[in-house]
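Architecture and fold: a report
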Amino acid sequence: MRWKFTTMSDTLKDKTAKGLFWGGMSNGLQQMLNLIFGIFLGRLLTPSDYGMVGMLTIFSLIAGSLQESGFTAAIANKKEVSHQDFNAVFWFSVFVSACLYILLFIAAPYIADFYNTPELTPLARYSFLGFFISSLGTAHFAKLFREMKVKERTIATFTALCVSGIIGVTLAFYGFSYWGIATQNLCYILVTTSFFWYFSGWHPSLDFNFNPIKEMFGFSCKLLATNIFNHINNNVFSVVLGKFFDEKAVGFYNQGNKWNTMGHNLITGMMNSIAQPVLAKVQNDEERQLRVFRKMLKFTVFIAFPVMFGLSIVSHELITILITDKWIKSADILSILCIGGAFLPITNLYSNFVISIGKSNIYLYNTIIVSLLQLSSLLLFYPYGIHIMLFAYVTINILWLLVWQHFIKKAIHYSYMTALKDIIPILFGSVFVMISANCIGNYFDNIYLKIFCKVAIAIVLYILVMVRNPILKEAVSFLVKKKTLF
């Protein structure tokens with residue numbers, strides 16, 4: 001019996017190590033491609049072009065959440081799944097997304113009136129096709145996610161980014177403006193969905209049995225509501241800016257937020273590929289669960305803090321060099337967002353944990369309250385300008401970590417003091433390193449020399465400051481010797 005337990009444990013470790021490796025590679029490749037294509041698009045397009053698409057994003061994301069309805073996580077958490085489960089999810093997603101598209105197609109003129117931008121009507125009807133196409137791969141993605149097939153998902157997203165990026169840049173070059181961005185998004189969804197079908201090896205049947213949906217809905221409905229409020233929280237800025245400012249303001253914000261998202265997605269995407277499935281598998285062993293969670297947290301902040309704080313101090317140089325100074329207003333936005341972005345991977349890990357133990361209601365209530373607080377703060381501070389709104393937005397997200405920690409403490413007896421001991425040394429070390437690198441780098445007038453010195457000094461100082469931290473040694477062992485972190 002003991003031999004069997006060891007074998008199962010080793011299998012989980014192997015899957016975790018491979019998942020983390022491929023998750024890291026996937027997100028690294030994604031952010032690299034986003035960077036390359038983002039540079040070309042940023043030089044070819046205007047803030048207004050980005051703003052036009054940005055004002056519609058929240059509608060597409062909410063519709064996408066409704067058609068997925070949290071069933072990916074519900075299937076991942078089920079002990080046993082069958083063809084009927086996947087088939088029910090597939091047809092449910094398709095039917096719901098078709099109905100939503102019809103409703104949004106009709107509502108497109110009213111959305112355009114809300115923003116006082118008539119050109120949004122045809123663009124909305126075209127862009128909204130994305131969530132319907134995505135619905136065709138919901139069940140297939142759920143299968144790949146449950147089986148931790150991160151390598152296959154990496155291939156799918158990498159190929160999709162290459163194809164859609166080339167199409168987007170080509171259309172922008174030939175003057176299709178915001179239509180090029182919308183087409184790029186549709187191509188990305190179409191290619192990933194096709195690969196999910198291919199790699200999952202699963203095909204739907206004409207058996208419209210929705211009983212499995214009823215069984216999963218108690219769990220998934222909470223995730224559905226949570227995802228909707230998450231999208232509101234993440235995109236409410238674009239809505240408020242589009243309503244009270246103009247499409248240029250939305251464009252500057254979206255450009256800054258895009259670079260911020262590329263940064264923290266590098267960490268959250270890597271951890272998302274393995275966090276929830278791994279934590280779900282060790283939930284019956286509290287001691288091991290706590291040990292795994294602490295290592296995940298320390299590894300997350302070890303990567304997130306230097307990456308995001310570093311991106312904050314080079315934001316002006318980076319924006320100017322890569323996409324020219326016509327986007328310089330987005331650099332200030334990026335600098336502020338990156339401070340909050342450093343803590344988002346922690347929030348993401350905490351939410352993955354509460355989902356893994358079946359407490360989706362905690363995830364729901366936290367997300368709803370934060371979303372309402374964010375919306376209230378934006379409506380309160382918008383007369384004072386974008387920067388004040390950003391500071392309020394970031395502050396609320398960071399302080400809410402204390403609430404998340406309360407629920408983690410109750411679940412696995414992970415105290416505030418222990419959490420601070422795990423996080424604070426890395427936080428203080430990262431802040432010290434980035435302030436030092438920024439002060440030294442600013443002595444140089446040449447913009448290329450300035451950014452080079454900031455990055456080089458930050459890397460060297462961070463390694464020196466963290467040399468005694470055990471997580472550095474474990475991270476190196478994982479990267480060089482492929483030893484598992486967890």
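Residues numbered from 1 in each chain as written. Predicted model: local features only at pLDDT ≥ 70, side-chain atom pairs only at ≥ 80, totals over all residues. Heavy atoms only, no water.

**Looking at the overall build of the chain**
- A count of helices and strands for the chain gives 22 helices and zero strands.
- Here the contacts in the chain between residues at least 6 apart in sequence split such that 84% fall between residues at least 24 apart.
- Split by element, the accessible area of the chain, about 21,800 Å² in all, is 67% carbon and sulfur. (Helix = DSSP H or I, 4+ residues; strand = E, 2+ residues; numbered from the N terminus. Contact = heavy atoms within 4.5 Å. Areas by Shrake-Rupley, 256 points an atom, 1.4 Å probe, with all protein chains shown as cover.)

**Concerning the packing of aromatic side chains**
- In this structure the tally under the stated criterion is 28 aromatic pairs.
- Judged by centre distance (4.9 Å) and plane angle (85 degrees), the ring pair of Phe 90 and Trp 91 falls under edge-to-face.
- Judged by its relative accessible area of 4%, Phe 90 falls in the buried class.
- When its relative accessible area of 15% is taken as the criterion, Trp 91 is described as buried.
- Here Tyr 126 and Trp 179 contribute two aromatic rings whose centre-to-centre distance is 5.6 Å and whose plane-to-plane angle is 55 degrees, an arrangement assigned as tilted. Separated by 53 residues along the polypeptide, Tyr 126 in helix H5 (residues 120-127) and Trp 179 in helix H9 (residues 177-200) bring together distant segments of the chain.
- With relative accessibility at 27%, the residue Tyr 126 sits in the partly exposed group.
- Judged by its relative accessible area of 28%, Trp 179 falls in the partly exposed class.
- One aromatic cluster is present, formed by Phe 86, Phe 90, Trp 91, Phe 95, Trp 197 and Trp 202 through successive ring pairs. (Phe/Tyr/Trp six-rings, centres within 6.5 Å; stacked < 30°, edge-to-face > 60°. Buried < 20%, exposed > 50% of the residue type's maximum accessible area, 1.4 Å probe, protein only.)

**Let's talk about the packing of helix H7 (residues 138-146) against H9**
- The contact between H7 and H9 brings their axes to 9 Å, and the two run at 55 degrees. When the axis of H7 is compared with that of H9, the two are oblique. Here the hand of the crossing between H7 and H9 comes out left-handed. Across the interface between the two elements, His 140, Phe 141, Lys 143 and Leu 144 of H7 pack against Phe 196, Trp 197, Phe 199 and Ser 200 of H9. (Axes fitted to C-alpha atoms, helices over the stretch in contact; angles between N-to-C directions. Parallel < 35°, antiparallel > 145°, perpendicular 65-115°, else oblique. Left-handed = near helix turned anticlockwise from the far one by under 90°.)

**Examining helix H21 (residues 447-466)**
- Along its 20 residues, H21 runs 28 Å from first to last C-alpha, staying within 8% of the 28 Å computed at 1.5 Å per residue.
- When we look at burial in H21, the residues that qualify are Lys 450, Ile 451, Cys 453, Lys 454, Ala 458, Tyr 462 and Met 466. One side of H21 carries all its buried residues, which in axial view fall inside an arc of 160 degrees. Opposite the buried face of H21, at more than 90 degrees from it, the exposed residues are Tyr 448, Phe 452 and Leu 464. (Expected span 1.5 Å × (residues − 1). Arc of directions from axis to C-beta.)

**Brief notes about the environment of Ile 339**
- Structurally, the position occupied by Ile 339 is in helix H15 (residues 328-341).
- Residue class for Ile 339 comes out partly exposed when judged on its relative accessible area of 36%.
- A C-alpha to C-alpha distance of 9.3 Å links Ile 339 and Asn 260, two positions 79 residues apart in sequence.
- Ile 339 has contacts with Phe 309, Ser 312, Val 394 and Ile 398, leaving out every residue within four places of it along the chain.

**Focus on a nonpolar patch on the surface**
- A contiguous nonpolar surface patch, about 800 Å² in accessible area, is contributed by Met 32, Leu 35, Ile 36, Phe 40, Leu 44, Phe 173, Tyr 174 and Phe 176.
- Inspection of the secondary structure assignment puts Phe 40 in helix H1 (residues 2-44).
- Residue class for Phe 40 comes out partly exposed when judged on its relative accessible area of 45%. (Patch = residues over 30% accessible without salt bridge, like charges linked within 9 Å, V, L, I, M, F, W, Y side chains within 5 Å. Salt bridge = Lys/Arg side-chain N within 4 Å of Asp/Glu carboxyl O.)

**Side note on the pattern of salt bridges**
- A complete count under the given rule lists two salt bridges for this structure.
- In this structure, the salt-bridge partner of Asp 422 is Arg 294, at a minimum N-O distance of 2.9 Å. In this pair, Asp 422 sits in helix H20 (residues 416-441) while Arg 294 sits in helix H13 (residues 286-313), placing the two residues 128 residues apart along the sequence.
- Between Glu 317 and Lys 454 there is a salt bridge; the shortest N-O distance is 3.1 Å.

**Structural notes on the side chain of Ser 238**
- Considering the arrangement of structural elements, one finds Ser 238 in helix H10 (residues 211-244).
- Under the relative-accessibility criterion, Ser 238 is labelled buried at 4%.
- In this structure the side chain of Ser 238 is engaged in a polar contact, spanning 2.9 Å, whose partner is the side chain of Asn 254.
- Setting aside residues no more than four positions away along its own chain, Ser 238 makes contact with Gly 54, Val 250, Tyr 253 and Asn 254. (Polar contact = N/O pair within 3.5 Å; in protein donor to acceptor, adjacent residues only side chain to side chain.)

**Focus: the nonpolar core**
- Of all hydrophobic cores here, the largest spans 102 residues; its most connected members are Phe 237, Trp 259 and Phe 305.
- Broken down by element, this core gets its largest block of residues, 12 residues, from H13.
- Ala 88, Val 89, Ala 139 and Met 216 belong to the second largest nonpolar core, which has 13 residues in total. (Core = buried A, V, L, I, M, F, W, Y, C linked by side-chain atoms within 4.5 Å.)

**Considerations on helix H4 (residues 83-115)**
- A rise of 1.5 Å per residue sets the reference length of H4, with its 33 residues, at 48 Å; its end C-alpha atoms lie 44 Å apart and thus fit the reference within 8%.
- Bending of H4 peaks at approximately 50 degrees at the position of Ala 107, with proline Pro 109 no more than four residues after it.
- Of the residues one or two after H4, Asn 116 is the one with positive phi, at around 55 degrees. (Bend = angle between axes of the 7 residues up to and from the residue.)

In short, the description is geometric, and any link to function would need to be established separately.
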